[in-house]
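Overview (structure and organization)
The residues making up each chain are set out below.
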Number of protein chains: 2
Amino acid sequence: MVDRVYNFSPGPATLPVEVLQQASKDVVNFKEMGIGLIEMSHRSKEFMAVTDDAEQLLRELMEIPANYKVLFLQGGASSQFYMIPMNLLGEGKKATYLNTGAWSKKAIKEAKLFGEVDVAFSSEEQTFNRVPKQSEYSVADDSEYLYFVSNNTIYGTQFPEIPVTDKVLISDMSSDILSRKIDVSKFGIIFAGAQKNMGPAGVTIVIIRDDLLEKTPDNTPTMLTYKTHADKGSMFNTPPCFAIYGVGEVLKWLKKQGGVAAIEAINIEKAGILYDCIDSGEYYRGHAEVESRSLMNIPFNLPTPELEAQFIAEAAKVGLNGLKGHRSIGGCRASIYNAFPKEGVEKLVAFMKEFEAANPA
Amino acid sequence: MVDRVYNFSPGPATLPVEVLQQASKDVVNFKEMGIGLIEMSHRSKEFMAVTDDAEQLLRELMEIPANYKVLFLQGGASSQFYMIPMNLLGEGKKATYLNTGAWSKKAIKEAKLFGEVDVAFSSEEQTFNRVPKQSEYSVADDSEYLYFVSNNTIYGTQFPEIPVTDKVLISDMSSDILSRKIDVSKFGIIFAGAQKNMGPAGVTIVIIRDDLLEKTPDNTPTMLTYKTHADKGSMFNTPPCFAIYGVGEVLKWLKKQGGVAAIEAINIEKAGILYDCIDSGEYYRGHAEVESRSLMNIPFNLPTPELEAQFIAEAAKVGLNGLKGHRSIGGCRASIYNAFPKEGVEKLVAFMKEFEAANPA
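Please read these numbers as outputs of a predicted model, since none were measured by experiment.

Before going further, it helps to examine the sheet that holds strand E2 (residues 68–73) of chain A. Sheet strands pair via backbone hydrogen bonds, and the direction of the pair is either parallel or antiparallel. Residues and elements named next belong to chain A. The seven strands lie next to each other as E2-E10-E9-E8-E5-E3-E4, forming an open sheet whose pairing is mixed. Taken across any chain shown, the strands that pair with only one partner, and hence form the sheet edges, are E2 and strand E4 (116–122). Ignoring which end each strand starts from, the neighbouring axes of this sheet average 15° apart. In the sheet, strand E3 (residues 94–99) pairs with strand E5 (residues 143–149) via three bridges, with the strands oriented parallel. Within E5, the position partnered with Thr-96 by the bridge is Leu-146. In this fold helix H3 (residues 76–88) packs onto E2, E3, E5, strand E8 (168–172), strand E9 (189–193) and strand E10 (204–209), with an angle of close to 155° to the strand it touches most, E9. Helix H4 (residues 102–111) contacts E3, E4, E5 and E8 of the sheet and is inclined by roughly 160° relative to E3.

By the definition in use, this model includes 35 salt bridges over all chains. Of the charged contacts, one joins Glu-249 of chain B and Lys-252 of chain B as a salt bridge, the two residues approaching to 2.8 Å between their closest N and O atoms. With a gap of three residues between them, Glu-249 of chain B and Lys-252 of chain B both fall in helix H6 (residues 241–256), about one helical turn apart. Of the residues examined, Glu-249 of chain B reaches a relative accessible area of 11% and is grouped as buried. Relative accessible area serves as the criterion here: at 41%, Lys-252 of chain B is assigned to the partly exposed category. Salt bridges linked by common partners bring Lys-94, Glu-116 and Asp-142 of chain A together as one network.

What follows concerns the interface of chain A and chain B. Counting residues at the interface gives 58 residues for chain A, matched by 58 residues for chain B. Around 4,400 Å² of area is buried between chain A and chain B when both sides are counted, 60% of it from carbon and sulfur atoms. One can count two salt bridges joining chain A with chain B. Measuring nitrogen to oxygen at the nearest pair gives 2.6 Å for the salt bridge that ties Glu-39 of chain A to Arg-4 of chain B. No other element matches the six residues that helix H1 (residues 17–28) of chain A contributes to the side of chain A that touches chain B. Residue composition of the side of chain A that touches chain B, grouped by class: 27 nonpolar, 23 polar and eight charged.

The next point concerns the packing of helix H6 (residues 241–256) of chain A against helix H7 (residues 259–279) of chain A. Residue and element names in this part refer to chain A. Following both chains from N to C, one finds H6 and H7 inclined at 75°, their axes separated by 7 Å at the closest point. Of the possible angle classes, the one that applies to H6 and H7 is roughly perpendicular. Along the contact surface, H6 presents Trp-253, Leu-254 and Lys-255, while H7 presents Gly-259, Val-260 and Ile-263. Looking at the contact of H6 with H7 residue by residue, the class counts come to four nonpolar, one polar and one charged.

Let's shift gears to the pairing of strand E12 (residues 297–301) of chain A. All names here are of chain A. For E12, the tally of buried residues reaches five of five residues, placing the bulk of the element in the interior. Burial of the side chains of E12 extends over both faces: Asn-297, Pro-299 and Asn-301 are buried on one face and Ile-298 and Phe-300 on the other. Looking at chain direction, strand E11 (residues 285–286) and E12 are connected through two bridges and run antiparallel. Paired with Arg-285 across the two strands is Asn-301, which belongs to E12. Two strands pair when backbone bridges link them, and E12 and strand E14 (residues 332–335) are joined in this way by four bridges, in the antiparallel orientation.

Once chain A has been moved 0.0 Å along the axis and rotated by 180°, it coincides with chain B to within an RMSD of 0.0 Å. Within this description, the copies of the chain are treated as partners about a two-fold rotation axis. Residue Ser-24 of chain A, judged by its C-alpha, is the member of chain A lying nearest the rotation axis, at 2.1 Å.

Attention now goes to the domain arrangement of chain A. All names here are of chain A. Partitioning chain A into domains gives domain 1 (18–256) and domain 2 (258–358). Between the C-alpha centres of domain 1 and domain 2 the distance comes to 27 Å. On inspection of domain 1 and its partner domain 2, the count reaches one salt bridge. Lys-133 is the salt-bridge partner of Glu-291, the closest N and O atoms lying 3.2 Å from each other. Our count for the contact surface shared by domain 1 and domain 2 stands at 18 residue pairs in polar contact (both at pLDDT 80 or more). Listing elements by their share of the side of domain 1 that touches domain 2, those giving two or more residues are strand E7 (157–158) and H6. Its residues assigned to classes, the side of domain 1 that touches domain 2 shows ten nonpolar, ten polar and eight charged.

Thresholds applied
- Residue positions are given per chain, counted from 1 along the sequence in the order it is written.
- Whichever chain is written first becomes A and whichever ligand is written first becomes 1, with later ones labelled in order.
- Only residues with pLDDT of at least 70 are given local features in this predicted model, and only at 80 or more are side-chain atom pairs given and counted; all residues enter the totals for whole chains, interfaces and linings.
- Neither water nor hydrogens contribute to the side-chain values; these are computed over all heavy atoms in the structure.
- Paired strands are those between which DSSP finds at least two bridges.
- Counting from the N terminus, the helices are DSSP H or I runs at least four residues long and the strands are E runs at least two residues long.
- All axes here are fitted lines through C-alpha atoms, helices being fitted over the stretch that makes contact, and every angle between N-to-C directions spans 0 to 180 degrees.
- Note on contacts: a residue pair is in contact if any heavy atoms of the two residues lie within 4.5 Å.
- A pairing counts as a salt bridge when a side-chain nitrogen of Lys or Arg comes within 4 Å of a carboxyl oxygen of Asp or Glu.
- For each residue, the accessible area found with a 1.4 Å probe, counting protein chains only, is set against the maximum for its type, and the residue is called buried under 20%, exposed over 50%, and partly exposed in between.
- Using a 1.4 Å probe, buried area is obtained as the accessible area two parts lose upon being combined, added over both of them.
- For this scheme, ten residues count as nonpolar: Ala, Val, Leu, Ile, Met, Phe, Trp, Tyr, Cys and Pro. Four count as charged, namely Asp, Glu, Lys and Arg, and the remainder, Gly too, count as polar.
- Note that the term roughly parallel is reserved for angles under 35 degrees, roughly antiparallel for angles over 145, roughly perpendicular for angles of 65 to 115, and oblique for everything else.
- A least-squares superposition brings the copies together, and it is based on the C-alpha atoms of residues with pLDDT no lower than 70 in both.
- Start and end positions for the domains come from either an automated domain assignment or a database one.
- Polar contacts, as used here, are pairs of N or O atoms within 3.5 Å; protein pairs need one atom able to donate a hydrogen and one able to accept it. Residues neighboring in sequence count only if both atoms are side-chain atoms.

This is the structure in structure tokens:
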């Protein structure tokens, strides 16, 4: 494939070329069966195997304990914002949220429909440029769970350590799942939209501890009850087949890279190259505080909005795409998820140096 | 592509070969942009165009009036079972349902969570082998809407005429949307999972009349409020990009076939070939009453369950796949949606005649 661009989009995001090439074959003729993957019955043994393999591989790569279910759901991570409190809260129940960005804010809004919400920390007044230390918040004794967003795509912050709590711990890991080793046994629920680190858009992974499946109030719609999907292996109704397949292919690729520990080392190296460039002078300024910096999304500014616009336009001309920052904070942003190649980061850094030299502040 | 099978699956179902071939190219490199369709930002102008084009083509093919919104949602048709009553009912409100199969039954169950449900007709005691005539049910004056399933995939029945009512008319058209001309202006909501007549699994189309967007009760979760998606052009959160793309490609194919009226004529012809074979003797027996017969799904029985198993196995050996009936009624079923080729029906009928001759009752 010639002239492939480096795609810094925050999601849907770049996928491994070998995954794209495999999908290209399978879409039209799956395993030489004379039928395309996207027209196969979800109840065929071949597609059931696709789903089972994806689940087993995720369990292996994340070391998911046996008392957790893995669900392939639809509706995006945004649907988990209401499904979690719908299943776990109710009249008189309370949950604790850490407000570290746009996605936690949306989750808090939905949770308030189902119970009392205690926002134990917020960095909103500092334009969400950091996440809290463990000492900066406390969780009420009567709280059902502690909810946090592991990595904040827009603001480029990431929890360097997983919060410690004796409550049920819930995390939106949409933008950093599988990018670093975590201990799943510390969590009640981990969820993530696939389209950043795991595959194409259209499926959301929910990893949920068994006992939490029993807490759903009566009168919750069937499709919104976690247990419905857990009991049917995510096949209660037709699942998003292609997206599940895509996740499976990305997981195979990740295993070939050496798994989560190996990709974490590469992610640290990739982000380091870019942060070193940002930190090497005054021209580029990172948005996040150093201790809260994300390995996945790196928003930065140039001396003026005009230079930022010029930077983004010229970068696109040399095949560095998707560098525009989110509208809420402007500037530039490089999203460098698992599948983003190190060469692309090196090319970006070389471009940044050239641009600075050619366009002094 | 050699050795392509004839895929009689009820959904996900056979897709036009040219759609598969186009998808095969676009997945890996969309429009020679150097980026795969499934890794492109949903907010890129190129992907926004994919969504806009799909919507416009659907509007054109179905002649959707300007006062209707077209939404691309997730969660399958099963999620509409609760979203409709969640948005349109509430304490003290009533809706009328026609119970003509497994899908209406599930929809009735969910509606009861949100209001009073009047089941004005049911063919459950006759194993759902027919749909009602207009004279067989009435809709209460205080009913908010009349809900029916246009085509019943499992039982092979289809409403030959659209019910007439002065109430808001709502239809699950998952298995016959775009297969025949209908007057959208008679409906309040039409919805359909894509994976039978429109594309790959993973997206549900909701066509909703403007005024119904204003009826949602307060405290409905943001993602479950139709207006959220209507106001944002189905881009409130990351949509199921590949599935939307697939629908767009199927719609382009349908337009090339001559549109809905042209495919309806072909559908009548295809179903006629198969029903003629069933009606030509005693060996094969259709499940549905003649006046309720579906043009899309044709369940039938052989003299014994043993012959049925043998029939399904031998058919698969000659490239006639997916003929096993749904577990709830057993037997055989041929699903012959828009994209299923006439040659496949002819091949099936030839096989049926051979099988009968070789295996007398």
